[in-house]
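Structural features, examined
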Amino acid sequence: MTRDALARSRDFDRRGAAWYMDRAVTLFVFVGGISAILFIVGIFAFIAREGFGFVFTEFDAGEFFGSIAWRPTSMIERTYGALALIVGTASITGLAMVVSIPFSLAAAVFIGEFARGRTRETLKVLVELLAAIPSVVWGFIGLSIMNPLIIDTFGVPIGLNVLNAGVILGLMAAPIMTTIAEDALKAVPDGYREAAEALGATRWQVIRKVVIPAARNGLVAAVLLGVGRGFGETMVVLMASGHAINLPDSVFDSVRALTATIAAELGETAVGSEHYQALFTLGILLFAVTFAINLTADVIVRGIRRKGR
Amino acid sequence: MRPCSPRAARLSSLASILAFACGGASVGGAREVIQNKGSDTLVNVAQAWAESYSEVDSAVAVAVSGGGSGTGISAMINGTVDIANSSRRMTSSEIGAARANGTDPVEHLVGYDALAVYIHAHNPLDFLSMQQLAGIYGDDGTIERWSQLGIEMPGCPSDEIVRVSRQNNSGTFAYFREAVLDNYDFKLGSHDMHGSKDVVDLVAHTPCAIGYSGLAYATPEVKTPCLAASDTCVAPSMETALDGSYPISRPLLMYTPGDPVGEVKEYLDWVLGEEGQCIMLEAGYTPVAPVECVQ
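Residues numbered from 1 in each chain as written. Chains lettered and ligands numbered in written order. Predicted model: local features only at pLDDT ≥ 70, side-chain atom pairs only at ≥ 80, totals over all residues.

A look at the overall build of chain A
To keep it simple, the criterion reads: Runs of H or I in DSSP of at least four residues are treated as helices and runs of E of at least two as strands, each being numbered from the N terminus. Radius of gyration means the value over C-alpha atoms here, while the globule rule gives 2.2 Å times the residue count to the 0.38 power. Three exposure classes are used, all based on how many other C-beta atoms lie within 10 Å of a residue's own C-beta (placed from the backbone): buried at 20 or more, exposed at 12 or fewer, and partly exposed between those limits. By the criterion used throughout, residues are in contact when their C-beta atoms, derived from the backbone, lie within 7 Å.
Counting its secondary structure elements, chain A contains 13 helices and two strands. A globule of 309 residues ought to have a C-alpha radius of gyration of about 19 Å, yet chain A, at 26 Å, is considerably larger. When the backbone C-alpha atoms are referred to their principal axes, chain A occupies close to 95 × 60 × 40 Å. The 309 residues of chain A split such that 37% are buried. In chain A, the share of contacts with a sequence separation of at least 24, taken over all contacts with a separation of at least 6, comes to 71%.

As structure tokens, then:
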């Protein structure tokens, strides 16, 4: 190595501005990368700290999961039965999925496989626009448009019920599911389609027998993300479900959801009181269920992937 | 603005900085801020008071926020507000918490609120006894159909009474439970709305519904039947709330941590004076004593 080259390489090693910049950016990216983990751990620690005081003292699993009597401010006897809230959330989410899964999968197939050029671009923009509508606006639609409509159409006493909240939640979840499902269909290599067409398959056969099976990981992920959206949504279920503690017999019954209960009651509850801790216990339950849904999604998607390859 | 109040001096580590900041600002004519928080029932009238008071004393600004009686009281206990608005009396546990925190809350009666029972405008019901009301809302109540009250409700083929109530920690909920249900539990399955106005809106659009909310929220789209605690049925109005003949009328209160002094005392005196009480009347509530107001 010549003297010059040696000098140059030493120059290169010197800790100049560029070196510090490099280090700073590396650190920034690293912190950004692990921040999600920090946040999730922090949130869980917070919810647990606020709620576990109740879980380990007053909590009665039989009452919590088996009774509908949610009376945290009773003067006679305070009871914390969350059964009706759990059933309420499940029934609204269930109906929302019945509404949104066929719609959004069909929309994804149309946008991804049939629509071309202008139509396709317009549809994509419109679907994304639908996802941008704030949930309070959806709730307002439920309250002021769907409510009288359901009363008039079905002759039921009140239009704020499972049907109202479920349909609105379905419409809210549909654009997200459509977008993700369409991405999954787009990720299927064109070679698959061309190969199928070369074998004489019709367009419908290509989609049904080749594209959808090849994209099912993504489609399952889309559906589960929609379920998670429904479970956690608050504003719409608060406004459109009727917010009544009730085990529904039909879609025309009013219900109350876990999220809506927390939203409605937490604001006026004394911090650290039994009622406050019970609301955080509902939060722990919601967290656990959402975690379970995501974990299941992950396991299913991985399982399919392993089998597929 | 809050750190400029005397209480901020307790934050010793910050005191010197704040004292400098406040001192510097007051040279420029900064306004003294009274923090006022609590009952949603009182929030509109409290806002109106704050606005009018800025004309009375431009050196004082009153910052009003809602959130509910319980929120205001706990904020006063924690020392973050100067005046808490409440549509119910403080509970003994709240008073205990305040004493434990070194404050001795003082109660100021500023007016009355009559809770009206609301039904759909087409509902033929004119008369309701307190027993019937308890039978509709109470846990052991047996009244679930309009026909049990002897009426046929047009536009409500199912005949079912749709009960509209409030979320279980609102002051209105607690007061209705006390006055109508004698502190027994509500029947489960009521539609628990999140605001006084929401109750009236829902009843206006639901023929089968019955609800309760402040009289000030009455609109032409709903009807308020008279209530009978004994033989006579009394219609909800400002007069019947004031003379005490209406069975569900409640006091509206302001709480201060300890006896009010300085700007807070002047403000409360003004609220209880003719001008403040007339604003109360204008907002649909009943003043503490009859007042002569210029229309």
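Still more ground to cover, so stick around.
With respect to the domain arrangement of chain A
Residue and element names in this part refer to chain A. Just so we agree on the cut-off: Either an automatic procedure or a domain database provided the assignment from which the domain bounds are taken. Each residue gets one label: Ala, Val, Leu, Ile, Met, Phe, Trp, Tyr, Cys and Pro are nonpolar, Asp, Glu, Lys and Arg are charged, and the others, such as Gly, are polar.
Each assigned domain of chain A is listed here: domain 1 (5–57) and domain 2 (83–308). Each of domain 1 and domain 2 was reduced to a C-alpha centroid, and the two centroids are 34 Å apart. Across the contact, eight residues belong to domain 1 and eight residues belong to domain 2. Taken together, the residues of the side of domain 1 that touches domain 2 sort by class into five nonpolar, two polar and one charged.

Concerning the domain arrangement of chain B
Residue and element names in this part refer to chain B. Each domain of chain B was delimited in the assignment, giving domain 1 (13–112 + 252–282) and domain 2 (113–249). Taking only C-alpha atoms, the centre of domain 1 and the centre of domain 2 are 32 Å apart. The interface of domain 1 with domain 2 comprises 11 residues on the first partner and 14 residues on the second. For the side of domain 1 that touches domain 2, the elements supplying multiple residues, two or more each, are α2 (40–56) and α3 (69–77). Here the side of domain 1 that touches domain 2 is composed, by residue class, of two nonpolar, seven polar and two charged.

What about the packing of helix α9 (residues 262–272) of chain B against helix α10 (residues 274–282) of chain B?
Residue and element names in this part refer to chain B. Selection criterion: Comment: axis = line fitted to C-alpha atoms, over the contacting stretch for helices; angle = value between 0 and 180 degrees taken between N-to-C directions. What sets the label is the angle itself: under 35 degrees gives roughly parallel, over 145 gives roughly antiparallel, 65 to 115 gives roughly perpendicular, and the rest give oblique.
The contact between α9 and α10 brings their axes to 4 Å, and the two run at 60°. When the interaxial angle is binned, α9 and α10 end up oblique. Mapping the contact onto sequence places W270, V271 and L272 in α9 and E275, G276 and Q277 in α10. Of the residues that constitute the contact of α9 with α10, the class distribution is three nonpolar, two polar and one charged.

Some points on the interface of chain A and chain B
Contacts between chain A and chain B engage 27 residues on the former and 26 residues on the latter. Among the secondary structure elements, those contributing two or more residues to the side of chain A that touches chain B are α6 (135–154) and α12 (258–266) of chain A. Within the side of chain A that touches chain B, the residues separate by chemical class into 14 nonpolar, 10 polar and three charged.

Concerning the confidence of the model for chain B
Interpreting fine coordinate detail is not advised for predicted regions of low pLDDT. What counts here: Scored from 0 to 100, pLDDT reflects the predictor's confidence in each residue.
Scored by pLDDT, chain B comes out at a mean of 84, with 89% of its residues at no less than 70. Confidence drops under pLDDT 50 across residues 1–28 of chain B; counting only partners more than four residues distant or on other chains, this segment forms 10 contacts.

Quick look at the nonpolar core
Let me state the cut-off plainly: To count as a nonpolar core, a set of buried Ala, Val, Leu, Ile, Met, Phe, Trp, Tyr and Cys residues must be joined through C-beta atoms within 7 Å.
Among the nonpolar cores identified, the biggest contains 139 residues, and I92, I168, V236 and A240 of chain A together with Y118 and V203 of chain B are the most heavily contacted of them. A per-element tally of this core places helix α7 (residues 162–186) of chain A first, with 15 residues. Sequence-distant contacts of I92 of chain A, defined by excluding residues within four places in its chain, comprise V162, A165, G166, L169, G230, V237, S241, V255 and A257 of chain A.

Regarding the sheet that holds strand β11 (residues 233–234) of chain B
Residues and elements named next belong to chain B. Using the following cut-off: Think of it this way: DSSP has to see at least two bridges between two strands before they count as a pair.
Taken together, the three strands give an open sheet; going across it, the order is β5-β10-β11, and neighbouring strands pair in mixed fashion. Two strands lie at the open edges of the sheet, namely β5 (127–129) and β11, each paired on one side alone. Across two bridges, strand β10 (residues 226–228) lies against β11 in antiparallel orientation. Bridge pairing in β11 places A228 opposite C233.

Overview of α12 of chain A
Counting buried residues along α12 of chain A, seven of its nine residues qualify, which places the element largely inside the surrounding structure. Those residues of α12 of chain A not exposed but buried are L258, T259, A260, T261, I262, A264 and E265 of chain A.

Topic: the environment of R145 of chain B
Residue and element names in this part refer to chain B. Relative to the assigned elements, R145 resides in the loop between α5 (130–137) and β6 (162–166). Measuring from C-alpha to C-alpha, the distance between R145 and S158 comes to 8.5 Å, with 13 residues separating the pair along the chain. Leave out the neighbours within four places in its chain, and R145 touches D159, E160 and I161.

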